[in-house]
Amino acid sequence: MGCHRMTLLYPGSFDPVTYGHIDIALRGAKLASRLIVSVVANPNKSSLFSVEERMRFLREAFQNHAHIEMDSFSGLLAEYAAIKGATAILRGLRTAADFETESRYAAYNRMLSAKEDSEKIDTVFIAASPKLSHVSSSIVREAAAHIYVGHAFEPGDIALAAMVMPSVRMALRNKYVKGKG
Ligand code: ADP
């Protein structure tokens, strides 16, 4: 277990959780005494999986890690982070494009988080593992939509198995096979 006083907050859509997310969460959890993985429940953004489904997958992914908790939130991240007593926000970086967006969000969250400089929240970045740097929820959703509609295209199914947990792959398959009928 990591630093005793550090609570990291890992927010994201996790629609659905991928091995890329899991890798970042587990590496982040090593630095902290507590890690909160929190699903952003944005009513204006349509998602494939409900907040409950997304949390169920996350719970399964981290079931053997007592200091990793699951939660969901909507509204201002900076405010939510303060309520949860987070020391810092955790985000993963895959590409230079991620850095562009994420550094802006980090500054924004810092600006909104507190009046006093010393209390402003920071964002901690962990670089994606090279093996997983191409993995994203949107690629998973897009691929699944084509792989499972009609028939299961086997090479695609194998590729998805390298990106998401078996239960997520099964849920994707069910969603699209059913969606077709
Ligand atoms: P959001 O919609 O908030 O970007 P995501 O669920 O897509 O949420 O991602 C949450 C966080 O996980 C982001 O910081 C993102 O950069 C990071 N992330 C996603 N996929 C990977 C991956 N394959 N490797 C490392 N970090 C990742």
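Everything discussed here concerns the structure shown above.
Thresholds, definitions, all that
- Residues numbered from 1 in each chain as written.
- Predicted model: local features only at pLDDT ≥ 70, side-chain atom pairs only at ≥ 80, totals over all residues.
- Heavy atoms only, no water.
- Phe/Tyr/Trp six-rings, centres within 6.5 Å; stacked < 30°, edge-to-face > 60°.
- Buried < 20%, exposed > 50% of the residue type's maximum accessible area, 1.4 Å probe, protein only.
- Helix = DSSP H or I, 4+ residues; strand = E, 2+ residues; numbered from the N terminus.
- Contact = heavy atoms within 4.5 Å.
- Patch = residues over 30% accessible without salt bridge, like charges linked within 9 Å, V, L, I, M, F, W, Y side chains within 5 Å.
- Areas by Shrake-Rupley, 256 points an atom, 1.4 Å probe, with all protein chains shown as cover.
- Salt bridge = Lys/Arg side-chain N within 4 Å of Asp/Glu carboxyl O.
- Pairing = 2+ DSSP bridges.
- Right-handed = clockwise from strand over helix to strand, strands pointing away.

(A) Representation of the packing of aromatic side chains within the structure. Summed over all chains, the structure comprises 4 aromatic pairs. Ring geometry for Tyr10 against Phe14: centres 5.2 Å apart, planes inclined by 80°, an arrangement best described as edge-to-face. For Phe14, a relative accessible area of 3% corresponds to the buried category. Where Tyr105 meets Tyr108, the ring centres are 6.5 Å apart and the plane angle is 70°; that geometry is what we call edge-to-face.

(B) Representation of the side chain of Ser137. Counting through the fold element by element, Ser137 comes out in helix α5 (residues 137-147). Looking at Ser137, the relative accessible area reads 10%, which means it is buried. In this structure Ser137 touches Phe14, Asp15, Pro16, Thr18 and His21, once residues within four positions along its chain are discounted.

(C) Focus on a nonpolar patch on the surface. Together, Leu76, Tyr105, Tyr108, Met111 and Leu112 give the surface a local cluster of nonpolar side chains, amounting to about 490 Å² of exposed area. Topologically, Tyr108 is positioned in helix α4 (residues 96-113). Judged by its relative accessible area of 37%, Tyr108 falls in the partly exposed class.

(D) Seen up close, the pairing of strand β2 (residues 32-40). Of all 9 residues in β2, 7 are buried; the element is thus mostly enclosed. In terms of strand pairing, β2 meets strand β3 (residues 68-73) through 6 bridges, oriented parallel. Bridging from a neighbouring strand, Leu35 pairs with Ile68 of β3. The handedness of the β2 to β3 crossover, carried by helix α2 (residues 51-61), is right-handed.

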